[in-house]
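Here's the letter readout for the chains.
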Amino acid sequence: MNINEYKGVVVFVEQREGMISKVSLELLGKGRELADNLGEKMTAVLIGYDMMDKTKELIYYGADKVIYADDKIFEVYMTEPYTKAMSTIINDRKPEIVLFGATAIGRDLAPRISARIHTGLTADCTSLEIDEENNNLLMTRPAFGGNILATIICPNYRPQMSTVRPGVMQKLEKDTSREGEVEQYKIDINESDMTYKILEVVKEEKEKINIEDANVLVSGGRGIGKADNFTILKDLAKELKGQVSASRAVVDAGWINKDHQVGQTGKTVRPGLYFACGISGAIQHLAGMEESDFIIAINKDSEAPIFEVADLGIVGDVHKIIPELINQLKIVKENR
C-alpha cells in the first residue's frame, strides 16, 4: 500500500428517517479541524434516499464536498448495502482519514468496512489529533474498563479509521455562507448484496433517555446512599427542567439504568449546568463531564477530587442541601 496516495478526511453522515444525527454534525466539526491541520479537504458521505435537500446543511457545518449515494434501498439502514457503498467510495477516493459515530449503526458498519478494505479501526474514541511529525492520526480511547486512556496509531495502512463517541466533539456554528460541491455517486446494488430483507420496522415504545442533549444534569454518585434517594435528584432536575444522570458506580450497583451513565465508559456530556451530588470525582467520571459550562459539586468530603473541577463547591450532606435548594427554587418561582 502506498499511503501517500491517500488524501483528505471523510465523515460518514448517519441519517435515520431522513434526519441527520447529531454525532455526524459533531464529526464534521472535528473532521474540519483535522483536514485544516493536514491542509486537505473534508468530504461528507451521505447514504440515503431522497435526501438531496440535506446536502447543503452538511456544507454549512464544515464539509468542502458532499458525496451523496441515493437509492430506495438505502432508505432504511441495512449492513451489506451500506458496507458496499462506503467501501466503494473509500476505495475510489482514497481518503487518509474516515470517521464514524460510535452509534449502533456506526459500530455495525465501521468494522465491516475496515475488514473489507484491509485497514485498521480504533473504536469508541474520545480524542483525535494529528501527529505533527508524521501526520499520523492519534486516536485515543478508554481501555481496561476505562482505567487508562490508550492512544492508537495506524502508521502502515490507509485510511485511518475510527468511531467516535457522541457528545465528545463539538459541532461548528452553522454557516449558511459556506459553499461546496455536491456529487451524486451511483452504487449498483444487486441480489447478492441483499443478505436479508426488512419486512417491517417496529419501534419500541419507551421513554428515550438522551442525557447528551440536556442543558441541565443532576448527577448522583455512590454518596447518594441508595437507589431510593435518587428521588430528590429527580425532583431537583424537574425544577430545573433537566435530567438525572449518574456515575458508573451507581449504574454498576443497579440503582439506575446505564442510559444515564456519565464517564469514559458511559456518555460524554457538555450541559450548561452540571450538579455532581455525592460523586467523588474519579478521573473516569471527570472525563465525561469536565467540559460542562458550570459545575456544582456537593460532597461531604472536602478533599474529594470533584472540587478541583467544580466552579462552585458545597461541602455538606446532599440529603439536606438538595431539599433546601428545591425549596428555595420554588420560592423564587412563586415570587416572580
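Residues numbered from 1 in each chain as written. Predicted model: local features only at pLDDT ≥ 70, side-chain atom pairs only at ≥ 80, totals over all residues. Heavy atoms only, no water.

### Observations concerning the sheet that holds strand β16 (residues 294-299)
Across the sheet, five strands lie side by side as β14-β13-β15-β16-β17; this open sheet has parallel pairing. The outermost strands of the open sheet, each flanked by one partner alone, are β14 (243-246) and β17 (312-315). On average, each strand axis in the sheet is inclined to that of its neighbour by 20°, with strand direction left out of account. Note that strand β13 (residues 216-220) and strand β15 (residues 273-277) share five bridges and pair parallel. Across the sheet, Gly220 pairs through a bridge with Cys277, a residue of β15. Relative to β14, helix α5 (residues 230-239) is tilted by about 140°, and along the sheet it contacts β13, β14 and β15. (Pairing = 2+ DSSP bridges. Helix = DSSP H or I, 4+ residues; strand = E, 2+ residues; numbered from the N terminus. Axes fitted to C-alpha atoms, helices over the stretch in contact; angles between N-to-C directions. Contact = heavy atoms within 4.5 Å.)

### With respect to the pattern of salt bridges
Under the definition given, this model contains 20 salt bridges. Residues Arg93 and Glu183 are paired through a salt bridge, measuring 2.5 Å at the closest nitrogen-oxygen approach. Here Glu183 lies in strand β12 (residues 181-184) and Arg93 lies in helix α3 (residues 79-93), a separation of 90 residues in the sequence. (Salt bridge = Lys/Arg side-chain N within 4 Å of Asp/Glu carboxyl O.)

### Structural notes on the state of the cysteines
What the rule picks out here adds up to zero disulfides. The thiol sulfur of Cys125 is not disulfide-bonded, and the nearest other cysteine sulfur, from Cys154, lies at 12 Å. (Disulfide = S-S within 2.5 Å.)

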